[in-house]
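# Observations on the model geometry
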Amino acid sequence: MGTTQVTQQRSAHSRRRELLEAADRVVLRDGPKASMNAIAAEAGITKPILYRHFGDKGGLYRALAKRHTDALLSALRAALDAPAGRRERVEATLDTYLAAIEARPQVYRFLMHPADAGQQPEQAFDVGLHSAPLLRRLGEELAKVIAERVDLGPDSEQLARVWGHGIVGMMHAAGDWWLGERPCSRAQLVSSLADLLWGRLSVATDRAGGPGF
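Fair warning: this is a prediction, and the values are worked out from it, not measured in the lab.

Locating Ser202 in the fold gives a position in the loop between α9 (186-201) and β2 (205-206). When the C-alpha atoms of Ser202 and Arg86 are compared, they prove to be 8.0 Å apart, with 116 residues separating the residues in sequence.

Written out as structure tokens, the structure reads:
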């Protein structure tokens, strides 16, 4: 690969990152109502140029979802790797997820909730088409962590996937309800969800040769 081509790729990557940062600013301001028009205006470009970089609304949504999911997964792994007891790490992992959606609720709503019914279809992101794969990715990643750390006996790998997707579903549903209604403190919700998970986790042994859990 020639120097010119490498430079062009780096420039394109840098431009794409700048556009995603502009999109983030719009999402933080508008939440699910964020539109391609508003994002293009924030970036100082025309909408066709935005389409050139991401293909369509779905391409931009997927790029934003990957950006935020990568950051969340990194934070969740850090919580799981913390030097603490298993119960503390379970609570830290739950708290990391809830803290992330609490800190940036507009981003969360953009990724997981459709725009208001009154918004024009051509402006709205088809959230339902993309949010399910995002949750599935989180479930698969958590399943890998469980499988490499915890010995769940026969069919351990399959059970780890059940647990991974089940825990993500629980966090998502409980977190969505909590963010909307705030019926209790975050700490209270974390403790209650940890209690729900703790039964089997409290007696499961670490996988031999694994990093421990």
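The next point concerns the packing of aromatic side chains. Under the criterion given, the structure shown has one aromatic pair. When the ring centre of Trp198 is taken as origin, the NZ or CZ atom of Arg87, which lies over that ring, is 5.8 Å away. The cationic tip of Arg182 hangs over the ring face of Trp178; the distance from NZ or CZ to the ring centre is 4.6 Å.

This part is about the packing of helix α4 (residues 57-80) against helix α5 (residues 86-103). Remark: α4 packs on α5, axes separated minimally by 8 Å, with the N-to-C direction vectors making an angle of 155 degrees. Relative to α5, the element α4 lies roughly antiparallel. When you trace α4 past α5, the crossing you get is right-handed. Along its contact with α4, which presents Leu72, Ala75, Leu76, Ala79 and Leu80, the element α5 presents Arg89, Ala92, Thr93, Thr96, Tyr97 and Ala100. Taken together, the residues that form the contact of α4 with α5 break down as eight nonpolar, two polar and one charged.

So, on to the layout of surface pockets. One number sums up the size of the largest pocket: a volume of about 290 Å³. Forming the boundary of the largest pocket are 16 residues, of which His68, Leu72, Ala100, Ile101 and Leu111 lie nearest the centre. Secondary structure elements with two or more residues in the lining of the largest pocket: α4, α5, α6 (105-112) and α7 (127-149). Per-element tally for the lining of the largest pocket: the top contributor is α4, with five residues. Across the lining of the largest pocket, the residue classes tally to 13 nonpolar, two polar and one charged.

The rules we used
Residues numbered from 1 in each chain as written. Predicted model: local features only at pLDDT ≥ 70, side-chain atom pairs only at ≥ 80, totals over all residues. Heavy atoms only, no water. Helix = DSSP H or I, 4+ residues; strand = E, 2+ residues; numbered from the N terminus. Phe/Tyr/Trp six-rings, centres within 6.5 Å; stacked < 30°, edge-to-face > 60°. Lys NZ or Arg CZ within 6 Å of the ring centre and 35° of its normal. Axes fitted to C-alpha atoms, helices over the stretch in contact; angles between N-to-C directions. Parallel < 35°, antiparallel > 145°, perpendicular 65-115°, else oblique. Left-handed = near helix turned anticlockwise from the far one by under 90°. Contact = heavy atoms within 4.5 Å. Nonpolar A, V, L, I, M, F, W, Y, C, P; charged D, E, K, R; others polar. 1 Å grid on protein atoms, 1.4 Å probe; cavity = no way out; pocket = protein on both sides within 12 Å on 5 of 7 lines; lining within 4 Å. Points joined across faces, edges and corners; volume = space filled by probe spheres on them.

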